[in-house]
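Structure at a glance
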Amino acid sequence: MRKSKWQLLGRVLVALFIMASGTVLVANADRSEEALDWRAFANAYDPNLDVNHNDGASGSTFAFTGVGYPANSLATVYVNGSEIGHVNTNNNGVLTFMIDSAGAPQARYFITAAVGNNASDTKDFDVDNDEPLWPPPQGFPGPTFPLMGNPALVADMTYQFAMGNGSGGSGIFYFYANGTFMDDDGNGGVWGFTQNPSRLRFIYNDGSNCNAFSFGSFTGGAAVSGYRACTNGSGVRGVWSGTILLAPTGQWPAGNGELAE
């Protein structure tokens, strides 16, 4: 009799183990095409953020490179703990961006780049007017964020698009107060915004991306979606959608007057 009880207990434990294993498999079923990264579960990322100059006069541009971050992820950039923008990491977990110190008083500034709660690093630099005025490094990739407040960068958003010819893409758009925008490949053009109804328009004017014109409506909260059409004579059209990450503190400005109408 004692033996049968132990046998029954063993069978129950085996059944519970199988059920638990099945739960794990179901929970990760939608990740079948994405390799599970053990570092994310173990909080084992140890990124390193570095800057090209440790000090410079007010108006200098400081170039940052981060390595060891999760690959193909969205990182948030902070100045002294305040969010100023976003940047994507590449396939190797590397991110790059610049900080423009125009108008900044002499002080020490702490720059943080973080992906979630598991991968973050901070690097500081000094604005010191006894030091050289450093220009932006030629050809350095990535967006430029203003050090003082957020007057130049109006908003940024992730985006994805699909065209009728089978092409598509994704990334981040950065909208600046002077009515220009830039994607995370450094290409850009001009943008405009209308309040009623809330609509966002932008067009590449630098010869890249078929000089595409995009028109989007706010579909609720931070979501935007609309159509995209090439203006280079190819006639290719498609759709796009985006999510606002860093929004204006008040109402959106008009951006470029011509596109805001």
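What you see is a predicted model, and the numbers here were worked out from it, not measured in a lab.

Let us look at unusual backbone geometry. In the segment running from asparagine 196 into proline 197, the intervening peptide bond is cis, with an omega of -5°. Note that proline 197 resides in the loop between strand 13 (188-194) and strand 14 (199-204). Despite not being glycine, asparagine 80 shows a phi value in the positive range, around 50°. With respect to the helices and strands, the residue asparagine 80 is situated in the loop between strand 4 (74-79) and strand 5 (82-88). For asparagine 80, a relative accessible area of 44% corresponds to the partly exposed category. Here asparagine 211, not a glycine, exhibits a phi torsion of approximately 50°, which is positive.

Moving on, we come to the pattern of salt bridges. Overall, the coordinates contain three salt bridges when judged by the stated rule. A salt bridge links arginine 108 to aspartate 124; its shortest N-O distance comes to 3.8 Å. Pair noted here: arginine 108 is in strand 7 (residues 107-115) and aspartate 124 is in strand 8 (residues 119-127), with a separation of 16 residues, a long-range link. In this structure arginine 108 comes out as partly exposed when scored by relative accessible area, which is 48%.

Across the seven residues that make up strand 3 (residues 61-67), a large majority, five, are buried. The pairing of strand 1 (residues 48-51) with strand 3 spans four bridges and is antiparallel. In the sheet register, valine 51 faces strand 3, and the bridge partner there is phenylalanine 64. Looking at chain direction, strand 3 and strand 6 (residues 95-100) are connected through six bridges and run antiparallel. If you follow glycine 66 over to strand 6, its bridge partner there is leucine 95.

Attention now goes to the sheet that holds strand 3. Strands sit in the order 1-3-6-9 across an open sheet of four strands; the sheet is mixed. The open sheet is flanked by strand 1 and strand 9 (144-146), the only strands paired with a single partner. Taken over all neighbouring pairs, the strand axes of this sheet differ in orientation by 25° on average, direction set aside.

What counts and what doesn't
- Residues numbered from 1 in each chain as written.
- Predicted model: local features only at pLDDT ≥ 70, side-chain atom pairs only at ≥ 80, totals over all residues.
- Heavy atoms only, no water.
- Helix = DSSP H or I, 4+ residues; strand = E, 2+ residues; numbered from the N terminus.
- Buried < 20%, exposed > 50% of the residue type's maximum accessible area, 1.4 Å probe, protein only.
- Salt bridge = Lys/Arg side-chain N within 4 Å of Asp/Glu carboxyl O.
- Pairing = 2+ DSSP bridges.
- Axes fitted to C-alpha atoms, helices over the stretch in contact; angles between N-to-C directions.

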